[in-house]
Amino acid sequence: MIESRIKQSVRDVNDFPKPGIIFKDITPILKDPGLCKDITVALAEQLFNVDIDVVAGIESRGFLFGPSLAQLLNVPFIPIRKAGKLPYKTIQQSYDLEYGSAMIECHQDALLKGQKVLVHDDLLATGGTVVAASKLVMQMEATVAAYSFIISLDFLNGRERLKPYGNEVFSLASY
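Keep in mind it's a predicted model, so treat the numbers as computed, not measured.

1. Looking at the sheet that holds strand β3 (residues 54-58)
Argument step 1. Strand order in this open sheet of 7 strands is β5-β6-β4-β3-β7-β8-β9, and the pairing throughout is mixed. At either margin of the open sheet sits one strand with a lone partner, and together these are β5 (90-97) and β9 (169-174). Averaged over all adjacent pairs, the angle separating strand axes in this sheet is 20 degrees, with direction ignored.
Argument step 2. Where strand β8 (residues 143-152) lies against β9, 5 bridges are found, and the strand directions are parallel. Looking at the pairing, S152 lines up with S174 of β9.
Argument step 3. Strand contacts of helix α1 (residues 2-9): β8 and β9, with the helix running at about 60 degrees to β9, the strand carrying the most contacts.
Argument step 4. Strands in contact with helix α4 (residues 128-139) are β3, β4 (77-82), β5, β6 (100-107), β7 (116-124) and β8; relative to β5, the strand with the most contacts, it is inclined by about 150 degrees.

Written as structure tokens, this is what we have:
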């Protein structure tokens with residue numbers, strides 16, 4: 001089962017990025033090309049009945065599987081990046097962090113009005129960054145068709161924060 005394979009590969013890092021946090025590190029997954037392929041296929045299979053025009057991956061770990069997922073779904077991939085990283089005209093969305101705020105952006109021509117977007121990232125925690133990505137999608141008059149994650153930290157209730165933007169939330173492993 002893919003969930004048990006993911007959980008066997010994920011490394012817990014205590015007190016990162018601050019004391020009391022147990023960080024779920026997915027980088028050990030990247031050492032196993034077979035698991036990477038199986039994850040991409042499993043993500044695509046979950047989305048079989050979802051109408052998707054574009055995959056939007058959130059920097060940086062949403063870039064690890066997002067482009068391959070877009071290829072399997074035969075749709076374009078667009079990056080959602082931290083502010084100041086994209087070379088063309090952008091639109092931005094700020095969001096709050098425990099210790100301040102941050103901003104993400106995408107190219108202003110990344111999406112077309114009415115497109116159905118899959119928002120992808122490696123992990124769903126509290127949902128703050130994903131909500132900001134959803135707001136970017138909405139700014140461009142596109143819609144969130146679904147969300148996909150490798151891991152969901154369900155005890156942090158991120159899924160609840162996503163409900164105003166889209167009801168389809170998929171993950172392969174839950175904690």
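2. Points about helix α3 (residues 62-73)
Argument step 1. The end-to-end C-alpha distance of α3 is 16 Å, a good match for the 16 Å that 12 residues give at a rise of 1.5 Å each.
Argument step 2. Listed as buried for α3 are G62, F65, G66, L69 and A70. All buried residues of α3 fall inside an arc of 140 degrees around its axis, so they share one side.
Argument step 3. Structurally, α3 contributes buried residues whose contacts are with α2 (33-46), β3, β4, β7 and β8.
Argument step 4. Two residues or fewer past α3, N74 is found with a positive phi of approximately 60 degrees.

The rules behind each value
- Residues numbered from 1 in each chain as written.
- Predicted model: local features only at pLDDT ≥ 70, side-chain atom pairs only at ≥ 80, totals over all residues.
- Heavy atoms only, no water.
- Pairing = 2+ DSSP bridges.
- Helix = DSSP H or I, 4+ residues; strand = E, 2+ residues; numbered from the N terminus.
- Axes fitted to C-alpha atoms, helices over the stretch in contact; angles between N-to-C directions.
- Contact = heavy atoms within 4.5 Å.
- Expected span 1.5 Å × (residues − 1).
- Buried < 20%, exposed > 50% of the residue type's maximum accessible area, 1.4 Å probe, protein only.
- Arc of directions from axis to C-beta.

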